[in-house]
Amino acid sequence: MQKNTICLPETIIDTHCHGRDLKQAYKTTIRQTLSEALEALISISVFMPNTLPAITNLMILQHQLRLLGNARKKLCLKNQQYGHFGLTDRNLVECEAALKFREVLGLKDYPLSADGTTVTTGTIGVFDPRTRLAGLHLVRQHRKIYARHCDNPGIIAREGHTINAEVADVEDMISLASQVPGAKVVACHISCRESAELILKAQKKGLPITIELCPHYLWFDSEGTNWNPDLDPVFYKCFNSLRGGEHREFLVSLLPTDNPWIIIGSDNAPHPTQEKIQGKLGGLPSNQEMVPVICTLAKKYKISNHRVVELLSWNASRFLGIRISKKFNRYRLIDKIDDLAYNNGIVTNPWNGSRLLFPAAIEA
Ligand SMILES: [Zn+2]
């Protein structure tokens, strides 16, 4: 890799983002998200179903697919864009029908407690382990993906969004996945060393469980590393929570390995500034920083250019079954302070102030 340049794949995949739209179009829209992604060199985004209303029935799914199609046309995107369908204890028949859509990559599982409290917003989620097993069988049968937001709502109710809560859910996920061998699972936005180690162990036993790493867990931590001192700490609140520096460092140490079952998703989750402060909502805008953070860490830790390509594209392409172009482009890396805006400035960007290496086109 030349000193101030990098080769990036023509097709970069963001495995996890929140396009909102529907009743939350004021936060952001699929089109806005895709246009910000495009500016930041991401050409394929995978949208999550915890929208309002949630994508748990075919009518809402078809509406979302129309939004995706329209946004794609307006932005002249040549690549297909994707989403997950929300699994619930009552919609297995619809899940099976949804999995037949080309744009539906798989099922998303948000854990639900016995009293109906979900780990995300709204009411979407799964309580019954039999639903999870049925979902795993369905994705295996249809050669699709089972994505799980790993957090245990019972433990959250008792002690908050602790490492314990995440790890207990990761253990449950591994135990269920081992009962349906071959079912491909994405462990979404893993935030701590313990979860990652459990998944690495399960991978060694042959379970196809991929660790999804997000830029904010690789850059920020609960100790305030890289935080903008001018911003309210709520702008660094996300689910799963940011952990201590040792966890950030451990997750970063996974980047240069040759593990093909590590993928990068932004978990881009914007909220307008006032709503974020007043509602103390979790979620960071992050898709415009996904590629710059990986480029910055690659330079800092001497991660090979080949590995950067795997992390930003090839690993996700193989695991998620998305066919992509294998072409590259070379970029100059510009060292600058982040001043990017989300949703035309309606959303405060907690990355503002971070010094990152931004890829810029090399003029012919
Ligand atoms: Zn998310």
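Residues numbered from 1 in each chain as written. Predicted model: local features only at pLDDT ≥ 70, side-chain atom pairs only at ≥ 80, totals over all residues. Heavy atoms only, no water.

**Here's the deal with the coordination of the zinc ion**
In ideal tetrahedral geometry, four donors around a metal make angles of 109.5 degrees, whereas ideal octahedral geometry with six donors gives angles of 90 or 180 degrees. Here is the rule: Distances decide who is a donor: an N, O or S atom must be within 2.8 Å of the metal, or within 3.2 Å for Na, K and Ca. Water is not included, so sites may look incomplete. Put simply, DSSP H or I for four residues or longer makes a helix, DSSP E for two residues or longer makes a strand, and each gets a number counted from the N terminus.
The protein atoms that coordinate the zinc ion are His-16 (NE2), His-18 (NE2) and Asp-267 (OD), at distances spanning 2.0 to 2.2 Å. For the zinc ion, the donor residues sit on a single chain with the sequence spacing H-x1-H-x248-D. Residue His-16 is found in strand β2 (residues 13-17), and its partner Asp-267 is found in the loop between β9 (262-264) and α10 (273-279); the two are separated by 251 residues along the sequence.

**As for the environment of Val-347**
This is how the line gets drawn: Every residue pair with non-hydrogen atoms within 4.5 Å of one another is taken to be in contact.
Within the element layout of this structure, Val-347 appears in the loop between β10 (328-337) and β11 (355-361). Between the C-alpha atoms of Val-347 and Arg-158, which are 189 residues apart in sequence, the distance is 31 Å. With residues up to four places along the chain from it excluded, the contact list for Val-347 reads Lys-27, Pro-270, His-271, Pro-272, Thr-273, Pro-285 and Tyr-342.

**Overview of the pattern of salt bridges**
Operational definition: A side-chain nitrogen of Lys or Arg and a carboxyl oxygen of Asp or Glu constitute a salt bridge if their distance falls within 4 Å. Burial status follows relative accessibility: with a 1.4 Å probe on protein chains alone, a residue under 20% of its type maximum counts as buried, one over 50% as exposed, and anything between as partly exposed.
The final tally for this structure, using the stated rule, is twelve salt bridges. Measuring nitrogen to oxygen at the nearest pair gives 3.1 Å for the salt bridge that ties Lys-27 to Glu-275. One end of the pair, Lys-27, is in the loop between β2 and α1 (30-39); the other, Glu-275, is in helix α10, and 248 residues separate them in sequence. Residue classification places Lys-27 among the buried residues on the basis of a relative accessible area of 3%.

**Description of the sheet that holds β2**
To keep things clear, this is the line we draw: A pair of strands is considered paired only if DSSP assigns at least 2 bridges between the two. Axis angles are defined between N-to-C directions and span 0 to 180 degrees, where every axis is a line fitted to C-alpha atoms and, for a helix, only to the segment in contact.
The eight strands lie next to each other as β2-β3-β4-β5-β6-β7-β8-β9, forming an open sheet whose pairing is parallel. In this open sheet, the two strands that pair with only one neighbour each are β2 and β9. Ignoring which end each strand starts from, the neighbouring axes of this sheet average 25° apart. As defined by bridge partners, strand β6 (residues 145-149) adjoins strand β7 (residues 184-188) across five bridges and the pair is classed as parallel. Considered in β7, the bridge of Ala-147 is made with Val-186. Across the face of the sheet, α1 comes into contact with β2 and β3 (44-47) while running at roughly 145° to β3. In the packing of helix α7 (residues 193-204) onto the sheet, contacts are made with β7 and β8 (209-213), and the angle to β8 comes to roughly 150°.

**Some points on the side chain of His-149**
Inspection of the secondary structure puts His-149 in strand β6. Once residues lying within four places of it in the same chain are set aside, the contact partners of His-149 are Lys-108, Asp-109, Tyr-110, Pro-111, Val-119, Asp-169, Cys-188, His-189, Phe-239 and Asn-240.

**As for helix α2 (residues 58-74)**
The cut-off we apply is this: By this rule the span expected of a helix is its residue count minus one, scaled by 1.5 Å. The arc in question is formed by the directions pointing from the helix axis toward the C-beta atoms. A 3.5 Å cut-off defines polar contacts: any pair of N or O atoms within that distance qualifies, except that in protein one atom must be a possible hydrogen donor and the other a possible acceptor, and neighbouring residues in sequence count only when both atoms are side-chain atoms.
Taking 1.5 Å per residue, 17 residues should reach 24 Å; α2 reaches 24 Å between its end C-alpha atoms and fits that length. For α2, every residue scored as buried is listed here: Ile-60, Leu-61, Gln-64, Leu-65, Leu-68 and Ala-71. One face of α2 carries all of its buried residues, which in axial projection span an arc of 140°. For α2, the exposed residues set more than 90 degrees away from the buried face come down to Met-59, Arg-66, Lys-73 and Lys-74. Those residues of α2 hidden inside the fold are in contact with α1, β3, β4 (82-86), α3 (92-98) and β5 (104-109). Of the residues flanking the start of α2, the one acting as N-cap is Asn-57, its side-chain oxygen 2.9 Å from the backbone nitrogen of Met-59. Of the residues trailing α2, Cys-76 is marked for its positive phi of about 55°.

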